[in-house]
Amino acid sequence: MRLSELTTFRLGGPARALTTARTREELLDFCARHPLGLGAGGDADVLFIGGGSNLLISDAGFDGDVCRVATTGIDIAETTAAEALVTVEAGENWDDVVSMTLSRGLSGLEALSGIPGSVGATPIQNVGAYGTEVGELITSVEVYDRIAGQVRRLSAADLEFGYRTSMLKRTQQRSGASAHLVLSVTFELRRDTASLPIRYSQLASALDLEVGQTAPAALVRDTVLALRRSKGMVLDEADHDTWSAGSFFTNPIVTDAGMLPVEAPRYPVTDPLSGATIEGLTKTSAAWLIEHAGFSKGYRLGAGRASLSTKHTLALTNRGEASTEDVLALARAIVAGVEERYGVTLEPEPTFIGCSL
């Protein structure tokens, strides 16, 4: 089959072989048959796919075995009258889990509503939106260590969360293979109908609140979903603006804020665990840089089959007949344009398989 059927970009060539693991046992069996090894004769040519929402796969496909992680299961353990630990298997749909926790009177994940993909991907990328990152709410992650050949539980401290990154992602980038396969994720949520304090100004404005105030968590979810839909960030088969990997570039973090134009947005960089501001670092808006470098909504190269979203300049989209190379050509043009104009190098957020910028 073509891997385009398993990604939200709807891009990617054929897979040599595909296995769907619907249970923990099937997933571990696949891992046992595909040891990593890294120099010890193990098989590094394996691709694990969950929701496929953060992947850009080569037009040539993947010349190896592919495992679709479709495991399910949710366990809620009441730790105190005010808190609960929610453990979720990696293959569960992320937004379904957010909705379920709110229906059970548990708050914390509401600002992360509408994000496509599966639960297992969230700690790798330290998924975040509208002022909340999963790293703030994760207490531990159960992984299969493909080098050691054993199941391990990693604490939040072990995971070393950063802005859109983690130890899991950094290890994968260094080795070029998935050394740790996420099996389940445990979140600590509050027993409360009120949201976490609203940190994102656009969300606060939409709720008619000041930053730092709270609102009913269900209302925050509805508002976030509306905002995401307005930006083409909620999956919709009929809307080509959603044929993407969401935000294609991370918001740049610079050590010299003086290199930015005076009018460029500036945000503090905070530690995802303590919430403390990290001195000497400034985050700015990739979308602002892209648009002010001359790439407007809907921008495409000539009559290209890929374009920036017509709703949001941070999403690169497949207009229906694009190839992966079309998307890469557009991304390269944007990176070059922003670097030439502002001296800032944009970093891609999706994981590239068999291709690169």
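Just so it is clear, the structure is predicted and the values come from calculations on it, not from any experiment.

Draft legend 1. Highlighting the pairing of strand β2 (residues 46-49). Side chains V46 and F48 project from β2 onto one buried face, and the interleaved L47 and I49 project onto a second face that is buried too. In the sheet, β2 pairs with strand β4 (residues 62-69) via 4 bridges, with the strands oriented parallel. Paired with L47 across the two strands is V66, which belongs to β4.

Draft legend 2. Quick peek at the UniProt feature "active site" (unreviewed entry) in the protein chain. Listed under "active site" (unreviewed entry) in the UniProt record, and renumbered for this structure, are R164, S247 and E349. A stretch of 186 residues holds the annotated residues, and the largest C-alpha distance among them is 11.3 Å, short enough that they meet in one place. The topology assignment puts E349 in the loop between α9 (324-342) and β18 (351-353). Looking at E349, the relative accessible area reads 13%, which means it is buried. When sequence neighbours within four positions are dropped, the list of residues in contact with E349 reads N54, Q125, R164, K169, S247, F248, F249 and T250.

Draft legend 3. How the structure looks around the packing of aromatic side chains. On inspection of all chains with the given rule, the structure shows 8 aromatic pairs. Taken together, a centroid distance of 5.7 Å and an interplanar angle of 55 degrees make the contact between W94 and F187 tilted. With W94 in helix α2 (residues 94-103) and F187 in strand β12 (residues 180-191), this pair connects stretches of sequence that are 93 residues apart. By relative accessible area, W94 is classed as buried at 0%. Ring geometry for F295 versus Y299: centroids 5.0 Å apart, planes at 90 degrees, classification edge-to-face. Ring pairs connect the aromatic residues F9, F248, F249 and F352, which therefore count as one cluster. Its end group placed over the ring of W243, R10 keeps NZ or CZ at 4.1 Å from the ring centre.

Draft legend 4. Region of interest: the domain arrangement of the protein chain. Each assigned domain of the protein chain is listed with its residue range as follows: domain 1 (3-69), domain 2 (74-229) and domain 3 (240-353). Distance from the C-alpha centre of domain 2 to the C-alpha centre of domain 3: 23 Å. Opposite the 13 residues of domain 2 that make contact, domain 3 presents 9 residues. Overall, the association of domain 2 and domain 3 removes approximately 820 Å² of surface from exposure, summing both partners, and the carbon and sulfur fraction of that is 56%. Linking domain 2 with domain 3 are 2 residue pairs in polar contact (both at pLDDT 80 or more).

The rules behind the values
Residues numbered from 1 in each chain as written. Predicted model: local features only at pLDDT ≥ 70, side-chain atom pairs only at ≥ 80, totals over all residues. Heavy atoms only, no water. Buried < 20%, exposed > 50% of the residue type's maximum accessible area, 1.4 Å probe, protein only. Helix = DSSP H or I, 4+ residues; strand = E, 2+ residues; numbered from the N terminus. Pairing = 2+ DSSP bridges. UniProt positions renumbered as here; feature names shortened; annotations may be inferred. Contact = heavy atoms within 4.5 Å. Phe/Tyr/Trp six-rings, centres within 6.5 Å; stacked < 30°, edge-to-face > 60°. Lys NZ or Arg CZ within 6 Å of the ring centre and 35° of its normal. Domains from an automatic or database assignment. Buried area = accessible area lost by both parts, 1.4 Å probe. Polar contact = N/O pair within 3.5 Å; in protein donor to acceptor, adjacent residues only side chain to side chain.

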